[in-house]
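Listed here are the chains, written in short residue letters.
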Amino acid sequence: MPKRTMVENYAALAVNVGANVQQDQHVVVRSTTETRDLAREIVKQAYLAGAKRVHVDWSDDYVSRHGYEYMDIDTLQEIPTWVVDKAKHAIDKGACFISITSPVPGLNQGVDPEKMQKSGIAAMKKLSFFQTHMMANKAQWTIVAAPNTVWSEKVFPGKTGDEANEALWDAIFEACRVRDGGDAVAEWERHNETLSRRNQILNDHQFAALSFKNSLGTDITIELVNDHVWAGGDEVTTSGVRFNPNIPTEETFTMPHKTGTNGKVVATKPLNYQGNLIEDFWLAFKDGKVVDFDAKKEKRTLQNLLEFDEGSSYLGEIALIEHDSPIQNTGILFYNTLFDENASCHMALGRAYPMNVKNGTSMEKDDLEKLGYNHSMAHSDFMFGSEDINVTGIKEDGTRIPIMKNGNFVL
Ligand code: ZN
Ligand code: ZN
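A quick note: this is a predicted structure, and the numbers were derived from the prediction, not measured.

A. A look at helix 11 (residues 299–306). Along helix 11, the residues that are buried comprise Thr301, Leu302, Asn304, Leu305 and Leu306. In this structure, the buried residues of helix 11 make contact with helix 6 (113–126), strand 11 (271–273), strand 12 (276–286), strand 13 (289–297), strand 15 (346–350) and strand 16 (379–383).

Below, the structure is given as structure tokens:
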């Protein structure tokens, strides 16, 4: 495996900054078979950090694909009780979670989208308690990434095999501030401070709405919920442990009011949904709901997402990211939301984060919904930031204050 020490640093970052594994804590690592070397290193680092037991949940995207292909739709919707029990057990043990993402682009091409849709919904219904636990920050969790050859060759079309994998590793390290001889943990402390200052400024303003405009045709106003909270960078569990849900992260994000979005947004990067790449698309909103849309590629997939459930045609997140960011500056399209969403301003269709409203993590769903929270089992981020985007904050009394000009913060 190449770049041994860099991978060690990256694994240590995932364990100590991402999940912030505590002494005697149980840890669940979720990995595909493609990323077993990183998974092994993360397991080791977790034990070094004091983990009591580290469990690895292996999956294999090719095996899953065969399942979609050959299983009938009813069987696909049967969720074994042991899957539910495993999630319950981890929650009971107070475990934290480290997921390694490594998408295989195009793998699910030709799979009946209804099969993926229905089995996805069935799993999410059975595991909604688990999602609630995570979304309410009752446990630390983090997501990191590792290359696989199909993904690497997609990102670097001129390279093949190990050469492509090495190039993607380099890009991942760069995006995650893991540098040869550097102290990634210290870097991340500074980075978290910058994001926390930005959150503070925006929280103090308590804008009633945000307006976004650029030359591509984005012209949209997004109302924010009252007492909204801007978050980004590290978060704190309900028991007081800091953690970084995403590595990398550059965003500061908050909660749109479910019925308060009006106008048109033009995406600036493709959206990967269920293994399919939706390209060159736009969405038009009225009173929060998508009422019109188009895509040059995979329009049907976009329609699937919008029809996934009631909430998937409304917004659940709006995030600001400077155009001048380490990920944007690599100039690489990663074809992976974890990276691409941190290159550019984005919004998400679907579920909102309870943490984005004051006291939200201790509220019931019904009470959150009264405040304008959007509930959905989907949460799909898409990018619309550009080098000429202007973002304006609109106060309750109509005062307009520039937040970003030409893609960068001026507030
Ligand atoms: Zn986001
Ligand atoms: Zn998101």
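Still to come is the rest of the account.
B. Just unusual backbone geometry, in detail. Isoleucine 247 connects to proline 248 through a cis peptide bond whose omega is 5°. Here proline 248 shows up in the loop between strand 8 (242–243) and strand 9 (252–254). Even without being a glycine, aspartate 287 presents a positive backbone phi close to 45°. The partly exposed category is assigned to aspartate 287, whose relative accessible area is 40%. At glutamate 298, a residue that is not glycine, the phi angle is positive and equals roughly 60°.

C. Region of the structure containing the pairing of strand 2 (residues 53–59). Bridge count for strand 1 (residues 26–32) against strand 2 is seven bridges, and the pairing is parallel. Bridge assignment links histidine 26 to a residue of strand 2, and that residue is arginine 53. Note on the crossover from strand 1 through helix 2 (residues 36–48) to strand 2: the handedness is right-handed.

D. Broad picture of the packing of aromatic side chains. One pass over the full model with this rule turns up 10 aromatic pairs. The structure contains a cluster of three or more aromatic residues connected by ring pairs, namely Tyr10, Trp169 and Phe173. The aromatic ring of tryptophan 282 is capped on one face by lysine 264, whose charged end is 4.6 Å from the ring centroid. Sitting above the plane of the phenylalanine 207 ring, lysine 395 keeps its charged end 5.6 Å from the centroid.

E. Focus on the coordination of the zinc ion (ligand 2). Within the first shell, the zinc ion (ligand 2) binds the protein through Glu317 (OE), His379 (NE2), Asp381 (OD) and Asp381 (OD), at distances of 2.0 to 2.6 Å. Taken together, the four donor atoms coordinating the zinc ion (ligand 2) and their angles of 54 to 143° define a geometry best described as irregular. On the primary sequence, the residues serving as donors to the zinc ion (ligand 2) are separated as E-x61-H-x1-D. In this model, the zinc ion (ligand 2) sits 3.3 Å from the zinc ion (ligand 1), the two metals being bridged by glutamate 317. Taken together, the residues span a long stretch of sequence, with glutamate 317 in strand 14 (residues 315–320) and aspartate 381 in strand 16 at a distance of 64 residues. Residue glutamate 317 shares its accessibility class with aspartate 381, and that shared class is buried.

F. Representation of the environment of glutamate 223 within the structure. In this fold, glutamate 223 is placed in strand 6 (residues 219–224). Given the relative accessible area of 39%, glutamate 223 is considered partly exposed. Sequence separation between glutamate 223 and serine 211 is 12 residues; the distance between their C-alpha atoms is 8.8 Å. In this view, glutamate 223 contacts Ala208, Ala209, Pro256, His257 and Gly260; residues no more than four positions away in its chain are not counted.

G. View of the coordination of the zinc ion (ligand 1). The zinc ion (ligand 1) binds to the protein through Glu251 (OE), Glu317 (OE) and His346 (NE2), with metal-donor distances spanning 1.8 to 2.2 Å. In the primary sequence, the donor residues of the zinc ion (ligand 1) line up as E-x65-E-x28-H.

H. Examining the packing of helix 5 (residues 81–92) against helix 7 (residues 128–135) more closely. The contact between helix 5 and helix 7 brings their axes to 10 Å, and the two run at 30°. The orientation of helix 5 relative to helix 7 falls into the category roughly parallel. Once helix 5 is placed against helix 7, the crossing between them reads as left-handed. Residues Val84, Ala87, Lys88 and Ile91 of helix 5 pack against Phe129, Phe130 and His133 of helix 7. The class makeup of the residues in the contact of helix 5 with helix 7 is five nonpolar, one polar and one charged.

I. Empty space enclosed by the protein, seen in detail. For the structure on display, the rule yields two cavities of 30 Å³ or more. Forming the walls of the largest cavity are Pro270, Leu271, Asn272, Leu277, Leu333, Tyr335, Asn336, Thr337, Asp340 and Met383. Grouping the amino acids of the lining of the largest cavity by side-chain chemistry returns six nonpolar, three polar and one charged. Put simply, the second largest cavity is a space of about 40 Å³. The wall of the second largest cavity is formed by Arg198, Ile201, Leu202, Ile403, Phe409 and Leu411. Here the lining of the second largest cavity takes three residues from helix 10 (residues 184–205), the largest share from any one element. Taken together, the residues of the lining of the second largest cavity sort by class into five nonpolar, no polar and one charged.

J. Up close: the nonpolar core. Of all hydrophobic cores here, the largest spans 47 residues; its most connected members are Tyr10, Val27, Leu38, Ile42 and Phe339. Among the elements that line this core, the one with the most residues is helix 1 (residues 4–18), at eight residues. Ignoring anything within four residues of it in the chain, the contact list for isoleucine 42 reads Ala11, Ala14, Val15, Val29, Ile98, Ile100 and Val144.

Analysis parameters
- Residues numbered from 1 in each chain as written.
- Chains lettered and ligands numbered in written order.
- Predicted model: local features only at pLDDT ≥ 70, side-chain atom pairs only at ≥ 80, totals over all residues.
- Heavy atoms only, no water.
- Buried < 20%, exposed > 50% of the residue type's maximum accessible area, 1.4 Å probe, protein only.
- Helix = DSSP H or I, 4+ residues; strand = E, 2+ residues; numbered from the N terminus.
- Contact = heavy atoms within 4.5 Å.
- Pairing = 2+ DSSP bridges.
- Right-handed = clockwise from strand over helix to strand, strands pointing away.
- Phe/Tyr/Trp six-rings, centres within 6.5 Å; stacked < 30°, edge-to-face > 60°.
- Lys NZ or Arg CZ within 6 Å of the ring centre and 35° of its normal.
- Donors = N, O, S within 2.8 Å, 3.2 Å for Na, K, Ca; no water.
- Tetrahedral: all angles 85-135°; square planar, octahedral: opposite > 155°, others 65-115°.
- Axes fitted to C-alpha atoms, helices over the stretch in contact; angles between N-to-C directions.
- Parallel < 35°, antiparallel > 145°, perpendicular 65-115°, else oblique.
- Left-handed = near helix turned anticlockwise from the far one by under 90°.
- Nonpolar A, V, L, I, M, F, W, Y, C, P; charged D, E, K, R; others polar.
- 1 Å grid on protein atoms, 1.4 Å probe; cavity = no way out; pocket = protein on both sides within 12 Å on 5 of 7 lines; lining within 4 Å.
- Points joined across faces, edges and corners; volume = space filled by probe spheres on them.
- Core = buried A, V, L, I, M, F, W, Y, C linked by side-chain atoms within 4.5 Å.

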